[in-house]
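Here's the letter readout for the chains.
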There are 2 protein chains.
Amino acid sequence: MFKTLAVVGATGAVGRIMVQLLEKSPITFEQIKFLASARSAGKTIEFRGEKHTVQELRPEAFDGVQLAVSSTPDEVAKEFIPEAVKRGCVVVDESAAWRMDSNVPLVIPEVNPQAAFNHKGIIASPNCSTTQMVVALKPLHDFGRVRRVVVSTYQAASGAGLGGTKDLIEGTRAYLEERPYRYTTFAHPLAFNLIPQIGSPRPNGYTSEEMKMVLETRKIMGDESIQICATCVRVPVANSHSESILVETEKKISVEKARELFSSFPGIVVIDNLDAKQYPLPLDCSGRDEVFIGRIREDISSPNGITFWCVSDNLRKGAATNAVQIVELLLRGHP
Amino acid sequence: MFKTLAVVGATGAVGRIMVQLLEKSPITFEQIKFLASARSAGKTIEFRGEKHTVQELRPEAFDGVQLAVSSTPDEVAKEFIPEAVKRGCVVVDESAAWRMDSNVPLVIPEVNPQAAFNHKGIIASPNCSTTQMVVALKPLHDFGRVRRVVVSTYQAASGAGLGGTKDLIEGTRAYLEERPYRYTTFAHPLAFNLIPQIGSPRPNGYTSEEMKMVLETRKIMGDESIQICATCVRVPVANSHSESILVETEKKISVEKARELFSSFPGIVVIDNLDAKQYPLPLDCSGRDEVFIGRIREDISSPNGITFWCVSDNLRKGAATNAVQIVELLLRGHP
């Protein structure tokens, strides 16, 4: 069907999982290329029984590549993706560089698959904390029209890349051994601590991560009237983001109805039995591709509110899984 | 002024801090007694240069005691506090046993000091997660009338007592060394994980901890019309609870006004400079007696909302400090 697929940023925290997912995916291609920064070029990646050498990410690396999935820092995506597109390559990009560009569809295959087919060379995959929330919001929106969302996140160290995970693990070891540790990825110690800032400050007092949850959600849902207040917090969890979400809808949604809507939506798994102490836990959801929902209950502070707990592997559905699902959607050719 | 003070539960996580605080307090008394369960009786506590033997908590232990500060499991408080009161002792109780009793004032000295003087022998100190939130709500309520609160907590292991702290530290060590660890206090692993349940299930799907934040807040504020939706989550932090709080008020409160109201309220410290990466962190707030507030910003999802991040040492202002402040208030004799 098509000749060459490229994985850009193949050695990063998300890229590694993209490689694993593509390996198991039914997608076929004649050739696969693994690209990364000069620092990682020359490394070897084994894929479907063959050894591949990681090549340096340069414009010419996209010559002859039809499709690429990319997970790089934003600056890298800003620079190289137009070079790929110029060479006829379609890029599914996991970075934040192109998400809010009006020419770029921002896609979650369960939510707005049709948008993927209106691309002009770039399709963006949303921010990790946004993706899992929007998957949860979609069935509620379809049934009762979401008017307002209040969300507080509990975001894992892996969201800051391999350096974030190292900071958490080494910082925790050092704390327990009463040794000093110099954090390189986080601005404050994360071991046994919380950092109520993810991303950079915005003029309105929110962080870039918090505003992504507002702006990306509206774009994916295609509804600029949804009001969202987000607080994003880094927690000393290695992997999987969790979110405490309160949703107000135009039409009242009962707990039973919400549970039914969530359960029948593709990509959502409901784990919700408080009496049996069952609800999604980040340790349990790591390595899984779905969005997990529990603690579903009526918002007792508003007439049409529902509140719940939502956990998902931020490197998977929050990043690699969603990007690979977009590739599969494109190759399938229809929603 | 008065003869005998007793500290009940003196060897527990909160009791130990009560002892430290009383040692430095200007309160004077002829005699002090330390009471604890049979398991801890016989231990020695040094206080203001003298050694004291911990006595077993029995009804007769309150003979001749005028005032007691107590931090015990609820069942113990249910059983022994009436015995103390029967013997003429006034008890400041940190447990949940008596808080919602209509004969028992529930007091935060900065918020409703006058209530302390209407006691009938028992004065209750609120739940840790409630106390810090209510201290933050009070100046907003006085200025703009609080109508609704949405709160998500990030609660430390120490809130579950000494066993909780041990579970977190030993569980984390075991995780890093890839050894199994059997948690004794928590129902799920807490190392690098989150547990979205604190307390027992209530019929409406909330937990007892979440409903404490609703019911205790209304009682302390003396306003049953305040609507509250709480989500309480245990996080792998050793000490100090954090809360993401959104408040809707009748009268609009600007960010500048909120900062001014918080700053001038006794017991609140504002740390709020996102550009300089300054906001309250649980590691920094541990061992401090105040409530710390940062990330103050307009709620962009409602017309009259304000949202912020609130951290406080749950063993101190959330427990021991508040109880000792109630004792000081009683001895001062006026608000």
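Everything in this summary refers to the structure shown in the same document. Small disclaimer: the values here were computed from a predicted structure and weren't measured. Each residue is numbered by its place in its chain's sequence as written, counting from 1. Each chain gets a letter, beginning with A, and each ligand a number, beginning with 1, in the order they are written. Given that the model is predicted, a residue must reach a pLDDT of at least 70 before its local features are reported, and side-chain atom pairs must reach 80 or more before they are shown or counted; all residues, however, enter totals for whole chains, interfaces and linings. As a convention, hydrogens and water are excluded, and side-chain values are obtained from all of the structure's heavy atoms.

## Quick look at the environment of I123 of chain B
All names here are of chain B.
In step 1: For helices the rule is a DSSP run of H or I covering at least 4 residues; for strands it is a run of E covering at least 2, with both sets numbered from the N terminus onward. Position of I123 relative to the elements: it lies in strand β8 (residues 122-124).
In step 2: Remark: exposure states derive from per-residue accessible area (1.4 Å probe, protein chains only) relative to the maximum for the residue type, with buried under 20%, exposed over 50%, and partly exposed in between. A residue is classified by how much of its surface remains accessible, and I123, at 0% relative accessible area, is buried.
In step 3: Separated by 43 residues in the primary sequence, I123 and K166 place their C-alpha atoms 31 Å from one another.

## Thoughts on the relation of the copies chain B and chain A
Put simply, the second copy of the chain is the first one after a rotation about an axis and a shift along it.
In step 1: We place the copies in one frame by least squares, fitting the C-alpha atoms of every residue whose pLDDT is at least 70 in both. Between the two copies, chain B and chain A, the superposition gives an RMSD of 0.0 Å; the rotation angle is 180° and the shift along the axis is 0.0 Å. What the rotation and shift describe, once combined, is the action of a two-fold rotation axis.
In step 2: Mapped onto chain A, 100% of the interface residues of chain B are again interface residues, and the two copies thus contact each other with one and the same surface. Any two residues having at least one pair of non-hydrogen atoms within 4.5 Å are treated as being in contact.

## Section: the pattern of salt bridges
In step 1: Within this document, salt bridges are pairs made up of a side-chain nitrogen of Lys or Arg and a carboxyl oxygen of Asp or Glu, the two lying within 4 Å of each other. For the coordinates displayed, the defined rule picks out 45 salt bridges over all chains.
In step 2: Note that E248 of chain B is salt-bridged to R148 of chain A, the shortest N-O span being 2.6 Å. Taken together, the residues E248 of chain B in strand β11 (residues 241-249) and R148 of chain A in strand β9 (residues 146-154) connect one chain to another.
In step 3: Taking the relative accessible area as the measure of exposure, E248 of chain B reaches 18% and is therefore buried.
In step 4: R148 of chain A sits in the buried class, given a relative accessible area of 6%.
In step 5: Note that K252 of chain B is salt-bridged to E298 of chain B, the shortest N-O span being 2.9 Å. Of this pair, K252 of chain B sits in the loop between β11 and α6 (255-263) while E298 of chain B sits in strand β13 (residues 291-298), and the two are 46 residues apart along the sequence.
In step 6: The class for E298 of chain B is partly exposed, based on a relative accessible area of 38%.

## Details of the sheet that holds strand β12 (residues 268-270) of chain A
Residue and element names in this part refer to chain A.
In step 1: Taken together, the six strands give an open sheet; going across it, the order is β10-β9-β11-β14-β13-β12, and neighbouring strands pair in mixed fashion. This sheet does not close on itself; its edge strands, each paired only once, are β10 (227-231) and β12. Strand-to-strand, the axes of this sheet are offset by a mean angle of 25°, without reference to chain direction.
In step 2: Two strands qualify as a pair provided DSSP detects at least 2 bridges between them. Relative to strand β14 (residues 305-312), strand β13 (residues 291-298) is paired through six bridges, and the arrangement is antiparallel. Across the sheet, the residue bridging to F292 is V311, located in β14.
In step 3: Fitted lines through C-alpha atoms give the axes, limited to the stretch in contact for helices. The angle between two N-to-C directions lies from 0 to 180 degrees. Across the sheet, helix α6 (residues 255-263) touches β12, β13 and β14, and the angle it forms with β13 is around 170°.

## Focus on the environment of I326 of chain B
Residues and elements named next belong to chain B.
In step 1: Along the chain, I326 turns up in helix α8 (residues 316-332).
In step 2: Counting along the chain gives 257 residues from I326 to V69, while the straight-line C-alpha distance between them is 9.2 Å.
In step 3: The residues touching I326, leaving out its near neighbours within four places in the chain, are V92, V107, P109, I123, A124 and S125.

## Considering the interface of chain B and chain A
In step 1: Taken residue by residue, the interface counts 61 residues in chain B and 61 residues in chain A.
In step 2: Interface area, chain B with chain A, both sides summed: about 5,300 Å², of which 62% is carbon and sulfur.
In step 3: By definition, the buried area sums, over both parts, the 1.4 Å-probe accessible area that each loses when the two are put together. In terms of surface lost to chain A, no three residues of chain B exceed F192, L194 and I300 of chain B, which account for 13% of the buried area on that side.
In step 4: Across the contact surface, chain B and chain A share eight salt bridges.

## A look at the environment of A61 of chain A
Residues and elements named next belong to chain A.
In step 1: Position of A61 relative to the elements: it lies in the loop between β5 (55-56) and β6 (67-70).
In step 2: Sequence separation between A61 and L215 is 154 residues, and the spatial gap between their C-alpha atoms is 33 Å.
In step 3: Ignoring any residue separated from it by four or fewer positions in sequence, one finds A61 in contact with K33, L35 and E56.

## Structural notes on the side chain of E110 of chain B
In step 1: Tracing the sequence through the fold places E110 of chain B in the loop between β7 (90-93) and β8.
In step 2: Excluding its chain neighbours within four sequence positions, the residues that come into contact with E110 of chain B are F265, P266, G267, K317, N322 and Q325 of chain B.

## What about unusual backbone geometry?
In step 1: At R145 of chain A, a residue that is not glycine, the phi angle is positive and equals roughly 60°.
In step 2: On the basis of relative accessibility, which here comes to 35%, the residue R145 of chain A falls in the partly exposed class.

## Regarding the sheet that holds β11 of chain B
All names here are of chain B.
In step 1: Strand order in the open sheet formed by six strands is β10-β9-β11-β14-β13-β12, with mixed pairing between adjacent strands. This sheet does not close on itself; its edge strands, each paired only once, are β10 (227-231) and β12 (268-270). Between one strand axis and the next, the sheet turns through 25° on average, direction left out of account.
In step 2: Taken together, the eight bridges between strand β9 (residues 146-154) and β11 define a ladder with antiparallel strand orientation. By the bridge assignment for β11, S152 is matched with S244.
In step 3: Along the sheet face, helix α5 (residues 208-221) touches β9, β10 and β11 and points at about 150° away from the line of β10.

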